[in-house]
Amino acid sequence: RDLPQSSRIQIHHYGKAHSPEWAEQARAEMAINPRYTWHGEIAHHQVRQVYQRSNVLVLPSRMEGGANVISEAVAAGLPVIASEIDGSVGLLGADYEGYYPVGSESALCQLLMRVESDRAFYQQLEQACIALQARFTPERESKAWQKLLGRL
């Protein structure tokens, strides 16, 4: 809601609500905010289609382990904006430029505006995510599991 009128940013929120109250909050936000659409839970193959239509993934988590959504976005070549929590930093690296302080709506808004208005910054995030793609291959995950299970 704090984005300037001139911004073309649209927020498409995907995922099941954790409670009926959260679902109601999402519906209430849609009623007052024309930029926001909550789609609810969708099938995994549809998520990949969403990535293809999107310009950036925003993960505003307050706490979470390594989020699958980050690895999926990186694999799809989609730039990520994330709250600066340990799980996201562990996946994207400490030097990744797309973080904002946890819970800071104003910092998130500023970062979104920078992504929208600064093509070089957008491309920097995009290239950083593309450079990380090798971390998120099925082969690497399989080898990591084999290594872990071997140590156990």
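Description of the structure in this document. The residue count restarts for each chain, going from 1 along the sequence in the order it is written. Owing to the predicted nature of the model, reporting of local features is limited to residues with pLDDT of at least 70; listing and counting of side-chain atom pairs is limited to 80 or more, with chain, interface and lining totals taken over all residues. To obtain the side-chain values, all non-hydrogen atoms of the structure were used and water was disregarded.

In this section: the overall build of the protein. Helical segments are the DSSP runs of H or I of at least four residues, strand segments are the runs of E of at least two, and each set is numbered from the N terminus. Scanning the protein from N- to C-terminus turns up 7 helices and 5 strands. Moving toward the C terminus, one meets the helices and strands of the protein in the order β-α-β-α-β-α-β-α-β-α-α-α. Relative to its length of 152 residues, the protein is compact, with a C-alpha radius of gyration of 17 Å against a globular reference of 15 Å. Within the protein, the fraction of its 152 residues that count as buried is 34%. Only heavy atoms matter for contacts: two residues are in contact if any of them lie within 4.5 Å across the pair. Within the protein, residue pairs in contact and separated by at least 24 positions form 54% of the contacts whose partners lie at least 6 positions apart. Only the protein chains shown count as cover for residues, and the accessible areas themselves come from Shrake-Rupley with a 1.4 Å probe. Of the roughly 10,100 Å² of accessible surface on the protein, 51% is carried by carbon and sulfur atoms. For the protein, the separation between the mean place of its 15 positive charges and that of its 17 negative charges on side chains is 5 Å. Throughout, the radius of gyration refers to the C-alpha atoms, and the reference size of a globule is 2.2 Å times the residue count to the power 0.38. For every residue, the accessible area (1.4 Å probe, protein chains only) is compared with the maximum for its type, and the residue is labelled buried under 20%, exposed over 50%, or partly exposed between those bounds. Two residue types count as positive, namely Lys and Arg, and two as negative, namely Asp and Glu; His and chain ends fall outside the count. To locate a charge, the coordinates of NZ of Lys, CZ of Arg, CG of Asp or CD of Glu are taken.

In this section: the sheet that holds strand β5 (residues 99-100). At least two DSSP bridges between two strands are required for those strands to pair. Overall, parallel pairing links the 3 strands, which are arranged β3-β4-β5 in an open sheet. Each edge of the sheet is formed by a strand with only one pairing partner; in this case those strands are β3 (57-59) and β5.

Within this scheme a cavity is a closed region of a 1 Å grid, computed over the protein atoms alone, that accommodates a 1.4 Å probe without allowing it to escape, whereas a pocket is open but has protein on both sides within 12 Å along at least five of seven lines; lining residues each have an atom within 4 Å of a point. Grid points are joined across faces, edges and corners, and a volume is the space filled by probe spheres set on the points. The calculated volume of the second largest pocket comes to roughly 350 Å³. Along its surface, the second largest pocket is lined by 14 residues, and Ser-71, Arg-135, Phe-136, Thr-137 and Glu-141 are the ones closest to its centre. For the lining of the second largest pocket, the secondary-structure elements that each account for two or more residues are α3 (68-75) and α7 (138-151). Following the grouping adopted for this structure description, the nonpolar residues are Ala, Val, Leu, Ile, Met, Phe, Trp, Tyr, Cys and Pro, the charged ones are Asp, Glu, Lys and Arg, and the polar ones are all others, Gly among them. Considering only residue class, the lining of the second largest pocket consists of 6 nonpolar, 4 polar and 4 charged.

Looking now at the pairing of strand β4 (residues 80-83). The alternating pattern of β4 places Val-80 and Ala-82 and Ile-81 and Ser-83 on opposite faces, both of which are buried. Two elements, β3 and β4, share 3 bridges in a ladder whose sense is parallel. Each bridged residue has a counterpart across the sheet, and for Leu-59 the counterpart in β4 is Ala-82. Bridge analysis of β4 against β5 gives 2 bridges, and the strand direction is parallel. For Ala-82, the partnering residue across the bridge sits in β5 and is Tyr-99. Handedness of the crossover joining β4 and β5 through helix α4 (residues 86-92) is recorded here as right-handed. When the strands point away from the viewer and the connection leading from the first strand across the helix to the second strand turns clockwise, the crossover is called right-handed.

Now for the nonpolar core. Definition used in this section: a nonpolar core is a set of buried Ala, Val, Leu, Ile, Met, Phe, Trp, Tyr and Cys residues joined via side-chain atoms within 4.5 Å. In terms of nonpolar packing, the biggest core is built from 31 residues, with Ile-70, Val-74, Val-80, Ile-81, Leu-92 and Tyr-96 touching the most fellow members. Only α2 (44-53), β3, α3, β4, α4, β5, α5 (105-117) and α6 (119-132) provide two or more residues apiece to this core. With 6 residues, α5 is the largest single contributor of residues to this core. If we skip the residues at most four places from it in the chain, Ile-70 touches Leu-59, Val-80, Ser-88, Leu-91 and Leu-92.

Okay, the packing of α5 against α6 next. In the contact formed by α5 and α6, the axes pass within 5 Å of each other and the chain directions differ by 100 degrees. In terms of orientation, α5 lies roughly perpendicular with respect to α6. In contact with Leu-111, Arg-114, Val-115 and Ser-117 of α5, α6 contributes Arg-119, Phe-121, Tyr-122 and Leu-125. Taken together, the residues that form the contact of α5 with α6 break down as 5 nonpolar, 1 polar and 2 charged. The axes are straight lines fitted to the C-alpha atoms, using for helices just the contacting stretch, and the angles between their N-to-C directions are given from 0 to 180°. Throughout, the term roughly parallel applies to angles under 35 degrees, roughly antiparallel to angles over 145, roughly perpendicular to angles from 65 to 115, and oblique to all others.

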